[in-house]
Amino acid sequence: MLLPWLSSWLPRLWLWSTALVLTLGLLQLTRMLARRQKLLRALDSFPGPPSHWLFGHAKEIQEGGGLDKMMLWANTYPSAHSLWFGRFVGFLNIYDPDYAKAVYSRGDPKAWDVYGFFIPWIGNGLLVQDGPKWFQHRKLLTPAFHSEVLKPYVSLFAESTHAMLDKWKEKVRVNKNVEIFNDVGFMALDTLMKCLFGKTSKDQTQSDTDYYLAVADLTLLMQERIFTFQYHNDFLYWITAHGRNFLRACKVAHNHTDKVIRERKAALKGEKLEKTQKKRHLDFLDILLGVKDESKTKLSDMDLRAEVDTFMFEGHDTTTSSISWFLYCMALYPEHQTLCRKEIQEILQGRDTVQWEDLAKMTYLTLCIKESLRLYPAVPQVYRQLSKPVTFPDGRSLPKGGLISLHIYALHRNHTVWMDPEVFDPLRFTPENSSGRHPFAFMPFSAGPRNCIGQQFAMTEMKVVAALCLLHFEFSPDLTQPPIKQLQLILRSKNGIHLNLKKLT
Ligand code: HEM
Ligand SMILES: *[C@@H]1O[C@H](CO)[C@@H](O)[C@H](O)[C@H]1NC(C)=O
Ligand SMILES: *[C@@H]1O[C@H](CO)[C@@H](O)[C@H](O)[C@H]1NC(C)=O
Ligand SMILES: *[C@@H]1O[C@H](CO)[C@@H](O)[C@H](O)[C@H]1NC(C)=O
């Protein structure tokens, strides 16, 4: 009975649904073409390197994120050039301090064409949000990075570093050549979990390891997604193998952060809550979980998850990169390594641990850390979308809605600002030598209202870790395996960072 009815309707149904899909597709295409026209007009006065009609500049920058290619372009096009990630997403790529100031002294929102891809992973946390919600969360979380909160972290940084140094002492007995990046990574994650998330165990758990490895996948997959226009559309992305890999890695990451939240909530029940409320300075997760009711912001479970995922990622991957590249610089420039070590030995006077008061005395070490952050900024490229037009000092302008890519890596190697930019010279950062410098010439932590909330935390961690590493080991480069720079949201090395280590007595 039903069959004849169905057989007459099915073809029609098929026809109608095909027509609907085609119409929706056409509408979407029209919308995208209109946006392209708008972006093209906006970028009119900013010529750039020739771009492929479909892929844009994606092919040229696929290799390692195109850091070297970008340097070449920066030296060809004054101040800025257009940069296309496929046919429909066109940025103004900038590397001139005046340009950086014009945009980054304001608080424009993040470019959704890039940061939107973060959502399935770290959610709508502090890094991605904008508007009143961002302002409220930034205000809520800023006290978690007060110097009184940071002070006790020094011994936690030292504890995690000592565990890494013990690992290295075992390793060098067999082979002096050590790949340091991943060891630094596990150390940085361990110390972050102790400081921000109340981890008490000394061991690296399976969950820590799985999370660390998942982040390496996630950052690579997301960087590839940014450059590859075929992956831009959400619907089409989730049906590719690339998209499914991304979701699978997200699950592993969330498994880890869920565990952290669950355990902390359990620990806060009963007596412990009262004890925590009496603490003078609440730590990050206390604040997030709202243990003191006086803060009127109560986060939803989804917001809480997003902030934990955001800080778990931002708080370890960036410092991992910075510390690893710093040690690489020390290996390459033994004269600076020796000067740092002498300074540390004088300050510590035979002690094997670092205290808060020591840190301000580490002046030469700080110069070297800054110089390594200049040459190897952990976050090489950040993106904005203009909420109002901007006019640059040379008279050119970009309308509202324009997309900005600040190339921190190229900015830090701009030869108008930095004499012999490729040379490692920590003395650039002495007060005398930096007083005349443009305030937006050096911005490893970004600048303006949307700068890094963890900057003090990161600098403190880097000094403690660097001091203890230099106290216990001498580092020299492995000339057979030089690192191959790779942009993976964070600056990494494709083949890890191999150094030769010699234990000091
Ligand atoms: C050397 C280490 C670090 C570097 C180089 C670094 C760099 C940066 C940069 C460049 C931004 C701006 C990002 C953008 O505009 O998209 C940023 C933002 C941010 N960083 Fe860091 N960071 C470091 C360490 C940390 C640490 C240790 C934490 C947390 C414990 C952290 C948490 C954040 C957060 C939450 C934001 C977003 C802030 C906002 O938009 O209000 N970072 N960081
Ligand atoms: C560096 O900055 C200057 C302005 O200070 C700018 O004119 C120049 O185009 C930038 N880029 C390079 C590669 O020098
Ligand atoms: C989540 O973690 C638990 C143990 O920590 C593990 O047994 C499980 O396989 C993990 N699930 C995923 C999806 O990684
Ligand atoms: C400034 O930098 C130059 C070149 O790097 C160096 O020779 C000089 O000593 C520095 N001056 C100070 C006061 O640090």
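Caption draft 1: Up close: the environment of H162. Tracing the backbone through its elements, the reader meets H162 in helix 9 (residues 153–174). According to the relative accessible area criterion, H162 is partly exposed, its value standing at 21%. In this structure the C-alpha to C-alpha distance between H162 and K133, which are 29 residues apart in sequence, comes to 39 Å. In contact with H162, not counting residues within four places along its chain, are D352, L468 and H472.

Caption draft 2: The arrangement of the packing of helix 7 (residues 131–141) against helix 16 (residues 301–332) in detail. As a packed pair, helix 7 and helix 16 sit with axes 13 Å apart at the nearest point and diverge in direction by 65°. In terms of orientation, helix 7 and helix 16 fall into the roughly perpendicular class. Here the hand of the crossing between helix 7 and helix 16 comes out right-handed. Packed against helix 7, whose contacting residues are K133, H137 and L141, the element helix 16 presents D303, E307 and F311 at the interface.

Caption draft 3: Fine view of the pattern of salt bridges. Within this structure, the stated rule accounts for 24 salt bridges. Ionic pairing is found between D190 and K199, a salt bridge with its closest N-O pair at 2.7 Å. Neither residue differs from the other here; D190 and K199 are each classed as buried. One salt bridge connects K199 with D208, and the closest N-O pair in it is separated by 2.9 Å. Like K199, the residue D208 is buried in the burial classification. Because the salt bridges share partners, they merge into one network encompassing E159, D190, K194, K199 and D208.

Caption draft 4: The site of ligand 4, seen in detail. In the vicinity of ligand 4, the residues found are D425, L427, T430, E432 and N433. Interatomic distance of 2.5 Å between a side-chain N/O atom of D425 and an oxygen atom of ligand 4. Measuring from an oxygen atom of ligand 4, one finds a side-chain N or O atom of T430 at 3.0 Å. In isolation ligand 4 offers 360 Å² of accessible surface; the protein chains occlude 49% of this area.

Caption draft 5: A look at the coordination of the iron atom of ligand 1. For the iron atom of ligand 1, the protein contributes exactly one donor atom, C452 (SG), at 2.3 Å. Along the polypeptide, C452 turns up in the loop between helix 21 (431–434) and helix 22 (455–472).

Caption draft 6: Quick peek at the packing of helix 16 against helix 19 (residues 363–375). Between helix 16 and helix 19, the shortest axis-to-axis distance is 9 Å and the interhelical angle comes to 110°. As summarised for this structure, helix 16 and helix 19 are arranged roughly perpendicular, according to the angle between their axes. Counted together, S322, F326, C329 and M330 of helix 16 and L365, C368, I369, S372 and L373 of helix 19 form the full contact between these two elements. Its residues assigned to classes, the contact of helix 16 with helix 19 shows seven nonpolar, two polar and no charged.

Caption draft 7: Broad picture of the environment of D130. Mapping D130 onto the fold places it in the loop between helix 6 (119–122) and helix 7. For D130, a relative accessible area of 43% translates into the label partly exposed. Residues D130 and R450, spaced 320 residues apart in sequence, show a C-alpha to C-alpha distance of 9.4 Å. With near-sequence residues (within four places) excluded, D130 lies in contact with P109 and R450.

Caption draft 8: Expanded view of the environment of H137. Topologically, H137 is positioned in helix 7. On the basis of relative accessibility, which here comes to 2%, the residue H137 falls in the buried class. The spatial distance from the C-alpha of H137 to the C-alpha of E307 is 9.1 Å, given a sequence separation of 170 residues. Excluding anything up to four places from it in sequence, H137 contacts L126, Q129, L299, D303 and E307.

Caption draft 9: Up close: the pairing of strand 9 (residues 485–488). Of the strand pairs in this sheet, strand 9 and strand 10 (residues 490–493) are connected by four bridges, and their pairing is antiparallel. Each bridged residue has a counterpart across the sheet, and for K485 the counterpart in strand 10 is S493. Taken together, strand 9 and the strand that follows it, strand 10, pair antiparallel across an intervening segment of one residue, in which L489 is found at a positive phi of about 65°.

Caption draft 10: Local environment of the side chain of Q129. Relative to the helices and strands, Q129 is located in the loop between helix 6 and helix 7. By relative accessible area, Q129 is classed as buried at 2%. A polar contact is formed between the side chain of Q129 and the side chain of E307, at a distance of 3.1 Å.

Caption draft 11: Quick peek at the nonpolar core. The biggest cluster of nonpolar side chains holds 156 residues, and the ones touching the most others in it are W121 and W168. Considering each element in turn, this core owes the most residues, 13 residues, to helix 16. Those residues in contact with W121, other than ones at most four positions away along the chain, are V215, L218, T219, F246, C250, A253, H254, D309, F313 and L489.

Caption draft 12: Representation of the sheet that holds strand 8 (residues 473–477). Ordered by their spatial adjacency, three strands build an open sheet running 3-11-8, and the pairing between neighbours is antiparallel. This sheet does not close on itself; its edge strands, each paired only once, are strand 3 (177–179) and strand 8. Neighbour-to-neighbour, the strand axes of the sheet open up by a mean angle of 45°, direction not taken into account. Pairing analysis gives five bridges linking strand 8 to strand 11 (residues 498–503), with the strands arranged antiparallel. Paired with P477 across the two strands is L499, which belongs to strand 11. The strands that helix 16 touches are strand 8 and strand 11; relative to strand 8, the one it contacts most, it runs at about 80°.

Caption draft 13: Here's a closer look at helix 3 (residues 67–76). Along helix 3, the positions that sit buried rather than exposed are L67, M70, M71, W73 and A74. Buried residues along helix 3 cover an arc of 165° about the axis, so they all sit on one side. Opposite the buried face of helix 3, at more than 90 degrees from it, the exposed residues are D68, L72 and N75.

Conventions and cut-offs
- Residues numbered from 1 in each chain as written.
- Chains lettered and ligands numbered in written order.
- Predicted model: local features only at pLDDT ≥ 70, side-chain atom pairs only at ≥ 80, totals over all residues.
- Heavy atoms only, no water.
- Helix = DSSP H or I, 4+ residues; strand = E, 2+ residues; numbered from the N terminus.
- Buried < 20%, exposed > 50% of the residue type's maximum accessible area, 1.4 Å probe, protein only.
- Contact = heavy atoms within 4.5 Å.
- Axes fitted to C-alpha atoms, helices over the stretch in contact; angles between N-to-C directions.
- Parallel < 35°, antiparallel > 145°, perpendicular 65-115°, else oblique.
- Left-handed = near helix turned anticlockwise from the far one by under 90°.
- Salt bridge = Lys/Arg side-chain N within 4 Å of Asp/Glu carboxyl O.
- Near = heavy atom within 4 Å.
- Polar contact = N/O pair within 3.5 Å; in protein donor to acceptor, adjacent residues only side chain to side chain.
- Areas by Shrake-Rupley, 256 points an atom, 1.4 Å probe, with all protein chains shown as cover.
- Donors = N, O, S within 2.8 Å, 3.2 Å for Na, K, Ca; no water.
- Nonpolar A, V, L, I, M, F, W, Y, C, P; charged D, E, K, R; others polar.
- Pairing = 2+ DSSP bridges.
- Core = buried A, V, L, I, M, F, W, Y, C linked by side-chain atoms within 4.5 Å.
- Arc of directions from axis to C-beta.

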